Amino acid sequence: VCNGDGIGEGECDCDGNVLDDCDVCGGDGSSCDGISDGCDLPENNIFLNEGDVLYNSNEAIGGFQFNVDGTTVSGASGGDAAEAGFTVSVGGSTVLGFSFTGATIPVGCGTLTQLALDGEASGLSGIVISDAFGNAVDFSYYEEPDCDDIDDDGICDDVDDCIGEFDECGVC
């Protein structure tokens, strides 16, 4: 009860805020957008957001290859691969990126490359990411959960032990 008056009809708190489209009190609707940037991903994950291949890597990337599921690719350009001077080739549904000079994409996150898709893709598979020496880097395709996951840790909030982060003492 807010100062004895109760919460106003349609409001979700004593400040007069309302629920946004994502059911966040006083929110701006952006929390239900899902993954929109590579830095939204867990480490060593890759994700296809329309034509943008998003990534988050804890190792420098020396090369990559993957298949686009559900459609073919007619081109690739831009992103951190282009910035690093990579050659990115496409054929059918396969995408291959590497550097003739041994350049790498630094540790970090963002857009790996932007694909021109010939249809609607359902994801990426056959993912191979290598470091500067050609050694495999363990990468996964990020699957968005079919539930609420406010802290984006891949665990549905209704079964998550901690919605947020654990501190150095293991306390949420």
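Structural notes, computed from the coordinates.

About the criteria used
- Residue positions are given per chain, counting from 1 as you read along its sequence in written order.
- Side-chain atom pairs in this predicted model are given and counted only at pLDDT of 80 or more, local residue features only at pLDDT of at least 70, and totals for whole chains, interfaces and linings cover all residues.
- Side-chain numbers come from the whole structure's heavy atoms, not from hydrogens or water.
- Starting at the N terminus, helices and strands are each numbered in turn, a helix being any DSSP run of H or I of at least four residues and a strand any DSSP run of E of at least two.
- The buried label goes to any residue with under 20% of its type's maximum accessible area, the exposed label to any with over 50%, and the partly exposed label to all in between, with areas taken from a 1.4 Å probe on protein chains only.
- Here, two residues are considered to be in contact whenever any of their heavy atoms come within 4.5 Å of each other.
- Each accessible area value is a Shrake-Rupley result obtained with a 1.4 Å probe; residue values ignore everything except the protein chains displayed when judging cover.
- Centres within 6.5 Å are what make two rings of Phe, Tyr or Trp a pair, Trp counting through its six-membered ring; a difference in plane orientation under 30 degrees is then read as stacked, over 60 as edge-to-face, and the rest as tilted.
- Joining through side-chain atoms within 4.5 Å is the link that ties buried Ala, Val, Leu, Ile, Met, Phe, Trp, Tyr and Cys residues into a set, and such a set is a nonpolar core.

1. What about the overall build of the protein chain?
Helices and strands together make up the secondary structure of the protein chain, namely one helix and 10 strands. Here the protein chain holds 172 residues, and 30% of them are scored as buried. Within the protein chain, contacts between residues separated by at least 24 positions form 58% of all contacts whose residues are at least 6 apart in sequence. Working note: accessible area of the protein chain is about 9900 Å², and carbon and sulfur atoms make up 44% of it.

2. So, the packing of aromatic side chains
Within this structure, the stated rule accounts for five aromatic pairs. With 4.9 Å between their ring centres and 75° between their planes, F98 and F100 make a pair best called edge-to-face. The exposure class of F98 is partly exposed, given its relative accessible area of 26%. Classification of F100 by relative accessible area gives exposed; the value is 69%. Here the aromatic residues F47, Y141 and Y142 are joined through ring pairs into a cluster of three or more.

3. So, the nonpolar core
Residues F64, F66 and L112 are the most contacted members of the largest nonpolar core, which totals 25 residues. Setting aside residues up to four positions removed in sequence, L112 forms contacts with I46, V53, Y55, I61, F64, F66, G78, G79, D80, A81 and I105.

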